[in-house]
Amino acid sequence: TEPIRQPRGDRRRHRRASFDVPMNTIVFGSATFAGAGAVALLGSCFSKTLSKDRGLTNLLIITATVCCWLMWLITYMMQLHPLVKPIPMKEE
């Protein structure tokens, strides 16, 4: 007997089980946030008004940069693979 063949569309759907994440976008976005954080840190070093609390200022800049980067990364990843898929409405 001849083996039963699945339709071509089903084979393609089941073949790709891993997530395909464009790493170049994630690396570029991460480098952008790292660069923005470095510029902010350099700016705080040359500021005369922040010289008294330089340690606290640097901590706040690093914390803000990491939090913004993490929020961007989570949002980007959720747009790549949403948990909820839209259900098309049938027109009557």
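Figured I'd write up the structure that's included with this text. A quick note: this is a predicted structure, and the numbers were derived from the prediction, not measured.

## Remarks on the overall build of the chain
Step number 1: Looking only at helices and strands, the chain features 3 helices and 0 strands.
Step number 2: Each helix (α) and strand (β) of the chain, taken in turn from the N terminus, gives the series α-α-α.
Step number 3: Taken over 92 residues, the chain has a buried fraction of 10%.
Step number 4: Summing over all exposed atoms, the chain offers an accessible surface of approximately 8600 Å²; the carbon and sulfur share of this is 66%.

## A short note on a nonpolar patch on the surface
Step number 1: Nonpolar side chains collect at one region of the surface, where Leu-70, Ile-74, Met-78, Leu-83 and Val-84 lie side by side and expose about 530 Å² of accessible area between them.
Step number 2: Along the polypeptide, Ile-74 turns up in helix H3 (residues 54–80).

## Details of the side chain of Ser-44
Step number 1: Examined against the element boundaries, Ser-44 turns out to sit in helix H2 (residues 23–45).
Step number 2: Given a relative accessible area of 4%, Ser-44 falls into the buried group.
Step number 3: A polar contact of 2.8 Å, which involves the side chain of Ser-44, links it to the backbone oxygen of Leu-41.
Step number 4: Excluding anything up to four places from it in sequence, Ser-44 contacts Leu-50, Arg-54, Thr-57, Asn-58 and Ile-61.

## Points about H2
Step number 1: Between its first and last C-alpha, H2 extends 33 Å over 23 residues, near the 33 Å set by a 1.5 Å rise per residue.
Step number 2: Looking only at H2, the buried set comprises Ile-26, Gly-29, Gly-37 and Ser-44.

Basis of the calculations
- Residues numbered from 1 in each chain as written.
- Predicted model: local features only at pLDDT ≥ 70, side-chain atom pairs only at ≥ 80, totals over all residues.
- Heavy atoms only, no water.
- Helix = DSSP H or I, 4+ residues; strand = E, 2+ residues; numbered from the N terminus.
- Buried < 20%, exposed > 50% of the residue type's maximum accessible area, 1.4 Å probe, protein only.
- Areas by Shrake-Rupley, 256 points an atom, 1.4 Å probe, with all protein chains shown as cover.
- Patch = residues over 30% accessible without salt bridge, like charges linked within 9 Å, V, L, I, M, F, W, Y side chains within 5 Å.
- Salt bridge = Lys/Arg side-chain N within 4 Å of Asp/Glu carboxyl O.
- Polar contact = N/O pair within 3.5 Å; in protein donor to acceptor, adjacent residues only side chain to side chain.
- Contact = heavy atoms within 4.5 Å.
- Expected span 1.5 Å × (residues − 1).

Keep in mind these values describe shape, not function.
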